[in-house]
Amino acid sequence: MTAVQRVQQLAEERDLTLYQVSTLCDIPYSTLKSTIRRGGDISIETAAMVCRGLRIPAATFFSYLDQQQ
């Protein structure tokens, strides 16, 4: 699972749209949408913004990624 897939999973778990996630996390919606569309991944800085916006520890976000490999 990539970090952008983790963001999508967190959004789904919280019944949020990507637009709502982008608003909560102060990330441009276009950044998330274009990253997903082109099959890329988010930066560490963007992942940190997601963690702050969704109020989850970064360790939780990244440890889940490690477990999925």
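Residues numbered from 1 in each chain as written. Predicted model: local features only at pLDDT ≥ 70, side-chain atom pairs only at ≥ 80, totals over all residues. Heavy atoms only, no water.

Asks: I keep staring at the packing of helix α2 (residues 18–25) against helix α3 (residues 29–37) and nothing clicks. Help me out?
Replies: In contact at an axis separation of 8 Å, α2 and α3 are set at 135 degrees when each is read in the N-to-C sense. It follows that α2 is oblique to α3 by the angle criterion. In this structure, α2 crosses over α3, and the sense of that crossing is right-handed. For the pair α2 and α3, the contacting residues are Leu 18, Tyr 19, Val 21 and Ser 22 in the first and Tyr 29, Leu 32 and Ile 36 in the second. Along the lines of polarity and charge, the residues of the contact of α2 with α3 split into 6 nonpolar, 1 polar and no charged. (Axes fitted to C-alpha atoms, helices over the stretch in contact; angles between N-to-C directions. Helix = DSSP H or I, 4+ residues; strand = E, 2+ residues; numbered from the N terminus. Parallel < 35°, antiparallel > 145°, perpendicular 65-115°, else oblique. Left-handed = near helix turned anticlockwise from the far one by under 90°. Contact = heavy atoms within 4.5 Å. Nonpolar A, V, L, I, M, F, W, Y, C, P; charged D, E, K, R; others polar.)

Asks: Looking at this model, I keep getting lost on the nonpolar core. Mind explaining?
Replies: Side chains of a nonpolar character, in soluble globular proteins, are inclined to be buried together. Membership of the largest hydrophobic core comes to 17 residues, with the highest contact counts inside it found for Val 7, Val 21, Cys 25, Leu 32, Ile 42, Val 50 and Phe 61. Listing elements by their share of this core, those giving two or more residues are α1 (3–13), α2 and α4 (44–54). The biggest single contributor to this core is α1, with 5 residues. Excluding anything up to four places from it in sequence, Ile 42 contacts Ala 3, Val 4, Val 7, Leu 32, Thr 35, Ala 47 and Phe 61. (Core = buried A, V, L, I, M, F, W, Y, C linked by side-chain atoms within 4.5 Å. Buried < 20%, exposed > 50% of the residue type's maximum accessible area, 1.4 Å probe, protein only.)

Asks: Sorry, what's going on with the pattern of salt bridges here?
Replies: Proximity of charged atoms lets side chains of opposite charge pair with each other. Under the defined criterion, the tally for this structure stands at 1 salt bridge. A salt bridge links Arg 14 to Glu 13; the nearest nitrogen and oxygen atoms lie 3.8 Å apart. (Salt bridge = Lys/Arg side-chain N within 4 Å of Asp/Glu carboxyl O.)

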